[in-house]
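Read off the chains here:
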Amino acid sequence: MGKAAAETVVLAVNGKRYEAAGAHPSTTLLEFLRTQTPVRGPKLGCGEGGCGACVVLVSKYDPATDEVTELSASSCLTLLRSVDRCSVTTSEGIGNTRDGYHPVQQRLSGFHASQCGFCTPGMCMSIFSALVKADKEPGRPAPPAGFSKLTTSEAERAVSGNLCRCTGYRPIVDACKSFAADVDLEDLGLNCFWKKGDEPADVSKLPGYDSSAVCTFPEFLKSEIKSSVDQANGPAVAISADGWYHPKSIEELHRLFDSNWFDENSVKIVASNTGSGVYKDQDLHEEYIDIKGIPELSVINRSSKGIELGSVVSISKAIEVLSDGNLVFRKIADHLNKVATPFVRNTATIGGNIIMAQRLQFPSDIATVLLAAGSTIAIQAASKRLCLTLEEFLQQPPCGSNTLLLSIFIPDWGSDGISFETFRAAPRPFGNAVSYVNSAFLARTSGSHLIEDICLAFGAYGVDHAIRARKVEDFLKGKSVSSSVILEAVRLLKDTVSPSEGTTHPEYKISLAVSFLFSFLSSLGNSSNAPTKIDNPNGPYTNGITNGTTEHLREEYIKVDSNDLPIRSRQEMVFTDEYKPVGKPIKKAGAELQASGEAVYVDDIPAPKDCLYGAFIYSTHPHAHVKGINFKSSLASQKVITVITAKDIPSGGQNIGSTFPMMGDEALFADPVAEFAGQNIGVVIAETQRYAHMAAKQAVIEYSTENLQPPILTIEDAIQHNSYFQIPPFVAPKPVGDYNQGMSEADHKILSAEVKLESQYYFYMETQVALAIPDEDNCITIYSSSQIPEVTQGVVARCLGIPLHNVRLITRRVGGGFGGKAMKGIHVACACAVAAFKLRCPVRMYLDRKTDMIIAGGRHPMKAKYSVGFKSDGKITALHLDLGINAGISPDVSPFIPTAIIGALKKYNWGNLAFDTKVCKTNVTSKSAMRGPGDVQGSFIAEAIIEHVASVLSVDTNTIRRKNLHDFESLAVFYGESAGEASTYSLVSLFDKLASSPDYQHRTAMVEHFNSSNKWKKRGISCVPITYAVTLRPTPGKVSIMNDGSIAVEVGGVEIGQGLWTKVKQMTAFGLGQLCPDGGECLLDKVRVIQADTLSLIQGGFTGGSTTSETSCEAVRQSCAALVERLKPVKESLEAKAGTVEWSALIAQASMASVNLSAQAYWTPDPTFGSYLNYGAGISEVEVDVLTGATTILRSDLVYDCGQSLNPAVDLGQVEGAFIQGVGFFTNEEYAINSDGLVIHDGTWTYKIPTVDTIPKQFNVELINSARNPKRVLSSKASGEPPLLLAASVHCAMREAIRAARKEFSVCTGPANSAFTFQMDVPATMPVVKELCGLDVVERYLESVSAADPTTAKA
Ligand SMILES: Cc1cc2nc3c(=O)[nH]c(=O)nc-3n(C[C@H](O)[C@H](O)[C@H](O)COP(=O)(O)OP(=O)(O)OC[C@H]3O[C@@H](n4cnc5c(N)ncnc54)[C@H](O)[C@@H]3O)c2cc1C
Ligand code: FES
Ligand code: FES
């Protein structure tokens, strides 16, 4: 074979032809789309297949059948070369500003389903793909006009692989369901298409859907493909000049292997390349062999003996094939449906998965289920073909890179006497999470329940590959199932399942394996003539949930798994016209633009000429001299252009990366000592962002710890070394009363109990990003995704040693902030600025997810030790709190955290309150503000204490809560001026509305009933009140009316998804409304809020603390008032001449008369009203699986006092989104660090934010407007952060459920040795829950039933 010229990749992107000649074979489709085409809809959110931000539709054309097949795919994992002759459709391709939006985009927008918008194009494409798939499926009945063939349950699963950190998913699901043929439109939530409750829902009011409207494969490409068929059939050119090989037969592949054109380290065999999402730190490869073009590997053969699947058959295709088979096949298909995400399954191959399991110890589900089903595989090693059992293959040493997996054969077991079951326990029920443990069991039983044969496979528990539990199998063969037999089997299993050293949660994993085996064997034994009746963990159980309306207490008894319950919701709110269009639930400004992918984020700005890219090299050592930076010898290292370090900071500049005004600075680069793991040491500069990232991974840092103290990593270390940040007196929280006196009045005391909370990562979908462009005269323009442009401008100026007016910081929109795009965002802006200054060219840095997670910092972890005194009737008389807060290396906002903690804790009247707070300085990344900083922990600690008191007194927790809620008098004592007026104190009525309602009483009784009739699932219900103080800060606003009447508005706040621009638009229209005949509604479409620019509008302050929207609105209102004053005389004079005056005529006249049409205001708060309190209450009901520790949130009802909402749709979105983010904090987001403090849960694989399958199955929100208060902006209240605290209700409900489990099984682990009193730290992940329920409950249970039944002989 000779070398051929580089082949040109041809593809269509949104109908347009593109050629990619000479692209490096490792180029991903996403990289190509974003850098070589104008397309920006697909976003980079993770680069590992775990977030869905990059989803596109890939269409293939088969010239033989003239058919087009479409599938969604993650473009971050798909290699460009593998989509040669394909058509790619992105969100811009289905609809856009110029050609009109697609109904998916319009409905996402109309259902208020886009906030920051960064996830929205990916959501759009997942929904669009689901519609295409359903509508094309043959045999489905035609849907009613305006609908698709999609079903509501498919609609819920359509976005199961897409992450959204803002919305809480409910509105996204509603938008998707609106297309489903079987939807009841009345069930859908708040939207812009009909006024819920007042108008009937009707499909004709929705943007019309026509399944054939979008052409996914252009004719020109079909013709090109047809004409190239002959060529493809000609002699194959197996060798390419650009490193991409696509053999057409196995022989050709072997000729390639046998040739010596490449060495094993630089060549990679790929099927669909999704494995690169798993092994993402791998070096670059120069050459790729794509095996998908080998026809033999795509076979699907079905016979009476079984099903053979070629190795490159995709998981989705395998599901399709297996679903149409007998029990074993169908169960495998069900299990495969939980593997990865829809857009990964569509391309990922079965063979790739098996190879990863065999060669790379991947904790595969597929290997486990296929192992249990007795599968065999065919491989070709060198020229030898072998057929092996899967077990033999897995047991072999890792296969070499020239071993080719040809096919997998799954035997047909028939259904006679066959039982087959698969299990997986994972943080998310429907996938997008690898399992803690998976297993699959196959048994053949005789009529008398005798086990004739059995196969037990277990995987992912900390083992190199899935295994069969042979000893247990041997023991079980020939036995009838009884409790004592199961008990013995379980004991044997515990000797077999032994997680390797270093495995996380080993005991939990063993207990899961036990639970799965128990479940399976019980199902075999459970029938009327089974020897011993065992409480079947799989059996149907009463799933009584109320329907969510307080009016109807109708029960529905559904015998389905709670995870499969449909998502339902209810929203209630009060609208008023008083300040219209303020107060209307209008849709978010620019929502369609976000959905179509045209909204521009920093990484979407086209690269300026000569732009270079940077990636951080960070320390992995917590305290060490940095002696040198070298690079491993690797392909990626060759891409390094230079490395920027502290030495490159211009003279006159400072090594500063961030500052919190009045608190202190943090360095940009470690120099000369790295003070924490995750600290920036330098920036690798390369030609592309991907090269920069990959090269940075190859850096090897030389450290020395000579003459350095050991690092201080924990709160305990810090206390031992007196390592603290001072809390300035003006931010220190104030104690209340006399603690000792209060304690002396107590009848009971709890002394020194402890509760712990871990950190939380922001997980904004857009990672930190900045683009710095040097300008004339030592000036620089920086585009930054920042919540604090003004502070960033100041730090960049100090870093470069230039005046502030040389630095222009521009922020248009931020793809999610939550506090994280403040301090750490400055570091990125500064690093870009230093590099751009040094290199005299533009430099962009868009952090990869891993680096972002490592440097971000996040929420403050803390420990609280409390001593509390209380009366026998539950009235608390005194509380003392010892708080240890791990602040990390720099003060950041940490000195403010104690006040926030104590502020939220004061929601209860503790009688007398004292505390000692320590803000610990440690050698870990600086912790910063994250949505509800300090408040969420404080509110939770309060609940933990209240619950502890209740458990000591053995009374219902709500009784204690209610007893200790403030009256207005004590509220004023605890909160001082922030308490405001008595009429605004709504917390007691909110709490009573929920907790004293007949519905709640009824549900509590139902929960008790459920718990008494179900052994292996337990429920809990809990109601939590919250109080949240917010502070008002000075904010600027500027309103400029153009000559044509259009209006440009600038505000201090930044649009981070919270709906700021939408409210500002409404306020502008209201503010200028007096000049319009219709009161201002006509102005809504004329207002454009423009990007923050620190040289245009100064003193912008920061966006955070929940009050930026209202203060920006107030500044705008004042600006409008100035304009109204100027324009009124013009209006009056025109009216005198011509009657009613239209807006445009008024402005034209004013412009002619040289009226100043721009006004600016700097709003400052009333000195007597600098802060106010927000109130809410939430009930959550959960179900805990005692066997696995999994929790399903059955229902959450939130009531939030939003004052007179400026926009109820926006506020509702904030409430729902914040709550779900809180649910993540309390339940699933495990922020793990290693012993050096380096973050190790550093991607979507290990850090699990909520997905659509983990939100409440019934999610009800009510916004109420308690009382007017003219001192608040149009009587509104904040909504951004406080509702997050309500998520503690889920944690509390989980504890109730766990309590029921502990009671059932007499589990008394924990310091109190009591079933009722225990602490559950945050987050309460599955292992934590299971441990509290009892890791050994199965054995306990089996022992008790075996002992109780003397007829069951021990085996
Ligand atoms: C986000 C995400 C979530 C996932 N979740 C799960 C999960 O929950 N459970 C689970 O089991 N899996 C999960 N996976 C793994 C997934 O199933 C595999 O990545 C996929 O099946 C690999 O197929 P591929 O075609 O992309 O392989 P590739 O990435 O192309 O290849 C993977 C490896 O196998 C080699 N290879 C591929 N095919 C062959 C062959 N025929 N012969 C020899 N070598 C070959 C390649 O050289 C490479 O080393 C997940 C993956 C992702 C990205
Ligand atoms: S960026 Fe591709 S899935 Fe996250
Ligand atoms: S709107 Fe989904 S991540 Fe922001």
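Let us look at the structure shown here. (Residues numbered from 1 in each chain as written. Chains lettered and ligands numbered in written order. Predicted model: local features only at pLDDT ≥ 70, side-chain atom pairs only at ≥ 80, totals over all residues. Heavy atoms only, no water.)

Some points on the overall build of the protein
- Of the regular secondary structure elements, the protein holds 38 helices and 46 strands.
- Since a compact globule built from 1355 residues should have a radius of gyration of about 34 Å, the 31 Å found for the protein is in line with a globular shape.
- Its C-alpha atoms put the protein at 90 × 80 × 75 Å along the principal axes.
- Going through the 1355 residues of the protein one by one, you find that 64% of them count as buried.
- Restricting the contact set of the protein to residue pairs at least 6 apart, pairs at least 24 apart contribute 77%.
- In the form shown here, the protein has an accessible surface area of approximately 46500 Å², with 50% of it arising from carbon and sulfur atoms.
- For the protein, the distance from the average site of its 125 positive side-chain charges to the average site of its 145 negative ones is 0 Å. (Helix = DSSP H or I, 4+ residues; strand = E, 2+ residues; numbered from the N terminus. Rg over C-alpha atoms; globule rule 2.2 N^0.38 Å. Buried < 20%, exposed > 50% of the residue type's maximum accessible area, 1.4 Å probe, protein only. Contact = heavy atoms within 4.5 Å. Areas by Shrake-Rupley, 256 points an atom, 1.4 Å probe, with all protein chains shown as cover. Lys, Arg positive; Asp, Glu negative; His and termini not counted. Charge placed at Lys NZ, Arg CZ, Asp CG, Glu CD.)

A closer look at the packing of aromatic side chains
- Inspection of every chain in the model, using the stated rule, returns 31 aromatic pairs.
- An aromatic cluster of three or more residues is present, and its members are Phe-423, Phe-441, Phe-458, Phe-516 and Phe-520.
- Positioned above the aromatic ring of Phe-179, the side-chain terminus of Arg-107 is 3.9 Å from the ring centre.
- Positioned above the aromatic ring of Tyr-1172, the side-chain terminus of Arg-1272 is 5.9 Å from the ring centre. (Phe/Tyr/Trp six-rings, centres within 6.5 Å; stacked < 30°, edge-to-face > 60°. Lys NZ or Arg CZ within 6 Å of the ring centre and 35° of its normal.)

Details of the sheet that holds strand β21 (residues 612–618)
- Here we have eight strands laid out as an open sheet, ordered β23-β27-β21-β34-β31-β32-β33-β42, and mixed in their pairing. If you trace the sheet from one side to the other, it starts and ends with β23 (642–644) and β42 (1092–1093), each paired once.
- With two bridges connecting them, strand β33 (residues 807–811) and β42 associate as antiparallel partners. Its bridge partner lying in β42, Ile-810 is registered against Asp-1093.
- Across the sheet, helix α23 (residues 789–800) lies against β32 (779–784), β33 and β42, angled at about 145 degrees from β33, the strand it touches most. (Pairing = 2+ DSSP bridges. Axes fitted to C-alpha atoms, helices over the stretch in contact; angles between N-to-C directions.)

Describing the site of ligand 1
- The full set close to ligand 1 counts 34 residues, and Ile-269, Thr-274, Gly-275, Thr-349 and Asp-365 are the nearest of them.
- Measuring from an oxygen atom of ligand 1, one finds a backbone N or O atom of Asn-273 at 2.8 Å.
- A distance of 2.6 Å separates an oxygen atom of ligand 1 from a polar atom in the side chain of Thr-349.
- With the chains in place, 97% of the 980 Å² that ligand 1 exposes on its own is no longer accessible.
- Mapped by element, the contributors of at least two residues to the shell around ligand 1 are β7 (267–270), α13 (350–359), α14 (365–372) and β13 (403–411).
- Counting residues per element, the shell around ligand 1 draws most heavily on α13, at five residues.
- Tallied by class, residues from the shell around ligand 1 come to 19 nonpolar, eleven polar and four charged. (Near = heavy atom within 4 Å. Polar contact = N/O pair within 3.5 Å; in protein donor to acceptor, adjacent residues only side chain to side chain. Nonpolar A, V, L, I, M, F, W, Y, C, P; charged D, E, K, R; others polar.)

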